[in-house]
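Chains, contacts and geometry: an overview
Here is how the chains run, residue by residue.
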Amino acid sequence: MVTYPATTETISLAQEANSSEAISILYQVLEDPSSSPEAIRIKEQAITNLCDRLTEEKRGEDLRKLLTKLRPFFSLIPKAKTAKIVRGIIDAVAKIPGTTDLQITLCKEMVEWTRAEKRTFLRQRVEARLAALLMENKEYVEALALLSTLVKEVRRLDDKLLLVDIDLLESKLHFSLRNLPKAKAALTAARTAANAIYVPPAQQGTIDLQSGILHAEEKDYKTGYSYFFEAFESFNALGDPRAVFSLKYMLLCKIMVSQADDVAGIISSKAGLQYVGPDLDAMKAVADAHSKRSLKLFENALRDYKAQLEDDPIVHRHLSSLYDTLLEQNLCRLIEPFSRVEIAHIAELIGLPVDHVEKKLSQMILDKKFAGTLDQGAGCLIIFEDPKADAIYSATLDTIANMGKVVDSLYVRSAKIMS
C-alpha cells in the first residue's frame, strides 16, 4: 500500500486526484507522525482541503469524526489556530442541507472537550453557535438557559464582539417567544456594546435588521423601513443573501402604510433588479391586491407564494393583520347600501364561507366598526343608522360653564366690596 507523507508534493497530488482518492490521500497526510513546523503547516492545509472535499460530497458525519480525530493534533498548534479549524469544520457541516441535528451534536461534543481542555475562548463561541442552532430547531427553553449563563460569563470577561453576538441572539430568541420588552432590552444591550467597538458590516446589518423587525412588530412601519433600508445597504455591499429578506421587509412596510404603489418602483430600481425572484414577486402580488382592495387577489397571492409569505413568520404575522383590514373594508363597502341584509348574500358577494363572514361581522360590531346586530334566527344582519349627536347637550354644557364663570366673577367683586 502506498503511503503519503506530509509534504507539499502530496498536497498537490491530492488536488489533482478525483474526490475519493483525494480524501484518502489527505487522511493519510493527517496520520503522518511528524510534528515538525513544516509538517504541521502541511497538515493544516490538508485539513482545509479535506473539509472542502467532504463538504462537496455532503459527508457531514465524516466531518464530525474528523473533528474528533484531530483532537491530539490540536495540542501541537496554537489555540487561535485550533479555534479557526474547529469553527471552519462546524461551518463546513452547516453548508450541508438538513444537518441541524448533526451540528447540535457536534457543538455539544466540542463544548465538553473545550471545557475539559480549559479552552474558554473557543468554548464560549461554540456555545453561542449551539444556542443559535437550538433556536433554529425551536428548542427555545434550552437555548435561553444556555444564553443566560453565557452572557454573564462574557460580561465579566468584557469580550464586546462576542457580547454583541450573544445579545443579538438573545433578542431574536425573546422575539420568537413573543416577549417584546425583553427582545428590545437585549437589542439595546447589543447596540450599546457595538458602539464601544468596531463592528463588521455584516454584524451591523444584522443589528439593523433586528431593529426593523421589532419596530414593525410595534406597527412603527416608517422607522422599521429605515432600519430595513440600512440593513439592505450593508448586505447588498457584501453580497450577503440576507439582502433579499431586507428588501422584502422594506416592501412589506410600504404595503402596511398604504403606500403599495411605491413597491413597483423599488423593485424596478437598480438595487432591486438584482434580487428579482419569487420573494419580490410575492410582495408585488400582495401590493397589487392591496391597491385594488381585492380579497380574491390577496388569497391568490397567499396560495401562489405560500413559501415566501405563509412560511415566513414575520411576513405572515403582518399579512394576517393586512388581510383582516382588507376584509373589514370590503365588508363595510358591501353592507353600506343596506339596512337589513342576509348574511348568506354578503358571503356570496365577497366569496367567503357564511360562518367566516358571520364571525367577522360579529367581531366588527363588538369593535364598534359599525352600528348593528346579528339576527341569527333569520340569518340576517341589521344595520342601524349612525346616531347623530344632539347639539342641545353641548350647548347646555357651554351655558353651565359660562354661568360658572359669571358666578366666580360676582364672587370676586363682592369680596372686594366687603373688604
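Residues numbered from 1 in each chain as written. Predicted model: local features only at pLDDT ≥ 70, side-chain atom pairs only at ≥ 80, totals over all residues. Heavy atoms only, no water.

Phi at Lys-58 is positive, roughly 60 degrees, even though this residue is not glycine. Relative to the helices and strands, Lys-58 resides in the loop between α3 (37–56) and α4 (60–69). Despite not being glycine, Ser-258 shows a phi value in the positive range, around 60 degrees. You can see Ser-258 is positioned in the loop between α14 (243–256) and α15 (261–267). (Helix = DSSP H or I, 4+ residues; strand = E, 2+ residues; numbered from the N terminus.)

Further remarks concern the nonpolar core. In terms of nonpolar packing, the biggest core is built from 128 residues, with Leu-66 and Leu-381 touching the most fellow members. In this structure, Leu-66 is in contact with Tyr-27, Leu-30, Leu-50, Cys-51, Leu-54 and Ile-89, ignoring residues within four places of it in sequence. (Core = buried A, V, L, I, M, F, W, Y, C linked by side-chain atoms within 4.5 Å. Buried < 20%, exposed > 50% of the residue type's maximum accessible area, 1.4 Å probe, protein only. Contact = heavy atoms within 4.5 Å.)

With the rule as written, the count across this model stands at 4 aromatic pairs. Between the aromatic rings of Phe-298 and Tyr-323, the centroid separation amounts to 5.6 Å while the plane-to-plane angle is 40 degrees, which identifies the pairing as tilted. Of this pair, Phe-298 sits in helix α18 (residues 295–304) while Tyr-323 sits in helix α20 (residues 313–335), placing them 25 residues apart in sequence. On the basis of relative accessible area, Phe-298 is assigned to the buried category, the value being 1%. Arg-125 extends its terminal NZ or CZ atom over the ring of Phe-121, reaching a point 3.7 Å from the ring centre. (Phe/Tyr/Trp six-rings, centres within 6.5 Å; stacked < 30°, edge-to-face > 60°. Lys NZ or Arg CZ within 6 Å of the ring centre and 35° of its normal.)

Our focus in this paragraph is the sheet that holds strand β1 (residues 340–342). An order of β1-β3-β2 is seen for the 3 strands of this open sheet, with the pairing classed as antiparallel. Each edge of the open sheet carries a strand with a single partner, namely β1 and β2 (372–375). Shown here is a sheet whose adjacent strand axes are inclined to one another by a mean of 20 degrees, direction ignored. Bridge count for β1 against strand β3 (residues 380–383) is 3 bridges, and the pairing is antiparallel. In the sheet register, Arg-340 faces β3, and the bridge partner there is Ile-382. The strands touched by helix α22 (residues 354–366) within the sheet are β2 and β3, with β2 carrying the most contacts at an inclination of about 145 degrees. (Pairing = 2+ DSSP bridges. Axes fitted to C-alpha atoms, helices over the stretch in contact; angles between N-to-C directions.)

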